[in-house]
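Survey of secondary and tertiary structure
Spelled out from the first residue to the last, the chains are:
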Amino acid sequence: MSRTGSAGADGADPYRGRFVGRAALVTGAGSGIGAALAAALVKAGAYVVCTDLDQVAARRTAAALGPRARAEALDVTDPEQVLAAVDRVVAEHGRIDLIFNNAGINFGGEAEHLTLAQWNQIIDVNLRGVVHGIHAAYPKMIAQGHGHIVNTASAGGLMAAGLITSYVATKHAVVGLSLALRTEAAAKGVGVTVICPGAVDTPILDKGSIDDFVGRDYYLKGQRIKTPYSPAKLADEVLAAVTGNMAILVAPRSARLAWRFNRLAPGLMQRSSILFVARQRKWQAQRAHKAEKTAAR
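Scope of this entry: the structure provided in the associated data block. Fair warning: this is a prediction, and the values are worked out from it, not measured in the lab.

With that out of the way, let us pick up the packing of aromatic side chains. Here a ring pair, both rings aromatic, is described through the centre-centre distance and the interplanar angle of the planes. Taken as a whole and assessed by the stated rule, the structure comprises one aromatic pair. A centroid spacing of 5.5 Å and a plane angle of 85° characterise the contact between Tyr-15 and Phe-19, whose relative ring orientation is edge-to-face. Taking relative accessible area as the criterion, Phe-19 reaches 0% and is therefore assigned buried. Positioned above the aromatic ring of Phe-19 is the side chain of Arg-18, whose terminal nitrogen or guanidinium carbon lies 5.7 Å from the ring centre.

Structure follows, in structure tokens:
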């Protein structure tokens, strides 16, 4: 199976027709990975419901994809909304073949600065949002005898990274949830795949900083890369992973290497992470000092 899932020079379908005519629902489809997944699915022949809390963004994604895509506003923290969205897919197509529980947020900064409301918000979106998607779609997939659940976690769900502690906590939970559910779902004809990407070029890299020093630069330096991964390339890899019924997709190569190193030398990786957090704190202090000097002039 190709990791990239890209079509060959002869135009052959790299997914072996796996998605032609399939009915899929994607959460967080207004931008980033979700929008790229929706585009890859439509290109592969699927019908896609593009959902997002931002209805305008969801409509923009769907409008660019043509008649096999439509948009819905969806708050994944509301289980009734998620169930209703899945029910509409089933009513329209007679089934739901794929659900991509992709919506997510991040809060970056020192853990002691997080409010309890922020902790609850990130758990509600990143973890309960996935739970709501599974709760709505999984019983229907069991009843129809087939289906595939794809949950977006992160490389941070396989390794520990300071200054995004709440995000890491939720993504570790999504990885565990996905792998455990996969062991139950296998005998019921339902596949489960969890996506664990490194830094991907999405708006989340520039959002959610509570201390004004966790942003795009943090993710790139922390992963020792110069540019974030393309959402379109990741989406191709995801569809290839679904085609091959992979349990975990870790991408790109730099993230896979880091994951392997973490498993071989977890103590060394932990020490490296501690040093990186210290450097980030030092950089932030220097930046704050410079800003104070500038303001005093």
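This paragraph deals with the pairing of strand E1 (residues 23-26). Residues Ala-23 and Leu-25 line one face of E1 and the alternating positions Ala-24 and Val-26 line the opposite face, and both faces are buried. Taken together, E1, helix H1 (residues 32-43) and strand E2 (residues 47-52) constitute a β-α-β crossover, and its handedness is right-handed. Both E1 and strand E4 (residues 98-101) contribute to a ladder of three bridges, which runs parallel. The residue of E4 that forms the bridge with Val-26 is Phe-100.

At a closest axis distance of 8 Å, the pairing of H1 and helix H7 (residues 231-243) adopts a crossing angle of 55°. The angle between H1 and H7 falls in the class oblique. Between H1 and H7 the crossing geometry is right-handed. Contacts between H1 and H7 involve Gly-32, Ile-33, Ala-36, Leu-37, Ala-40 and Leu-41 on the former and, on the latter, Pro-231, Ala-232, Leu-234, Ala-235, Asp-236, Val-238 and Leu-239. Of the residues in the contact of H1 with H7, the class split is 11 nonpolar, one polar and one charged.

Moving on, we come to the pattern of salt bridges. One pass over the structure, following the stated rule, counts eight salt bridges. In this structure, Glu-92 engages Arg-70 in a salt bridge whose closest nitrogen and oxygen atoms are separated by 2.9 Å. Of the two residues, Glu-92 sits in helix H3 (residues 79-93) while Arg-70 sits in strand E3 (residues 69-73), which places them 22 residues apart along the sequence. A salt bridge links Asp-124 to Arg-128; its shortest N-O distance comes to 2.5 Å. Within this pair, Asp-124 and its partner Arg-128 are both found in helix H4 (residues 116-144), separated by four residues, close to a single helical turn. Overlapping salt bridges, with partners in common, bring together Arg-70, Glu-72, Arg-88 and Glu-92 in one network.

How each quantity is defined
- Numbers given to residues run from 1 along each chain, matching the order in which its sequence is written.
- Note on the predicted model: pLDDT of at least 70 is required for a residue's local features to be given, and 80 or more for side-chain atom pairs to be given and counted; whole-chain, interface and lining totals, by contrast, use all residues.
- Calculated side-chain values reflect all of the structure's heavy atoms, with hydrogen atoms and water omitted.
- Side-chain rings of Phe, Tyr and Trp (the six-membered ring for Trp) are treated as a pair once their centres are within 6.5 Å; stacked means planes under 30 degrees apart, edge-to-face means over 60, and tilted covers the remaining angles.
- Only protein chains enter the accessibility calculation, which uses a 1.4 Å probe; a residue is then buried when its area is under 20% of its type maximum, exposed when over 50%, and partly exposed in between.
- For a lysine, the NZ atom is tested; for an arginine, the CZ atom; a charge sits over a ring if that atom is within 6 Å of the ring centre and within 35 degrees of the ring normal.
- Numbering of helices and strands runs from the N terminus; a helix is a DSSP stretch of H or I covering at least four residues, while a strand is a stretch of E covering at least two.
- Here, the term right-handed applies to a crossover whose path from the first strand over the helix to the second runs clockwise when the strands point away from the viewer.
- The criterion for strand pairing is that DSSP finds at least two bridges linking the strands in question.
- Note on geometry: axes are C-alpha line fits, over the in-contact stretch for helices, and angles between N-to-C directions span 0 to 180 degrees.
- Note that the term roughly parallel is reserved for angles under 35 degrees, roughly antiparallel for angles over 145, roughly perpendicular for angles of 65 to 115, and oblique for everything else.
- Here a crossing is called left-handed whenever its near helix is offset anticlockwise from the far helix by less than a right angle, and right-handed whenever the offset is clockwise.
- Here, two residues are considered to be in contact whenever any of their heavy atoms come within 4.5 Å of each other.
- Each residue gets one of three labels, nonpolar for Ala, Val, Leu, Ile, Met, Phe, Trp, Tyr, Cys and Pro, charged for Asp, Glu, Lys and Arg, and polar for the others, Gly among them.
- The salt bridge definition used is simple: a Lys or Arg side-chain nitrogen within 4 Å of an Asp or Glu carboxyl oxygen.

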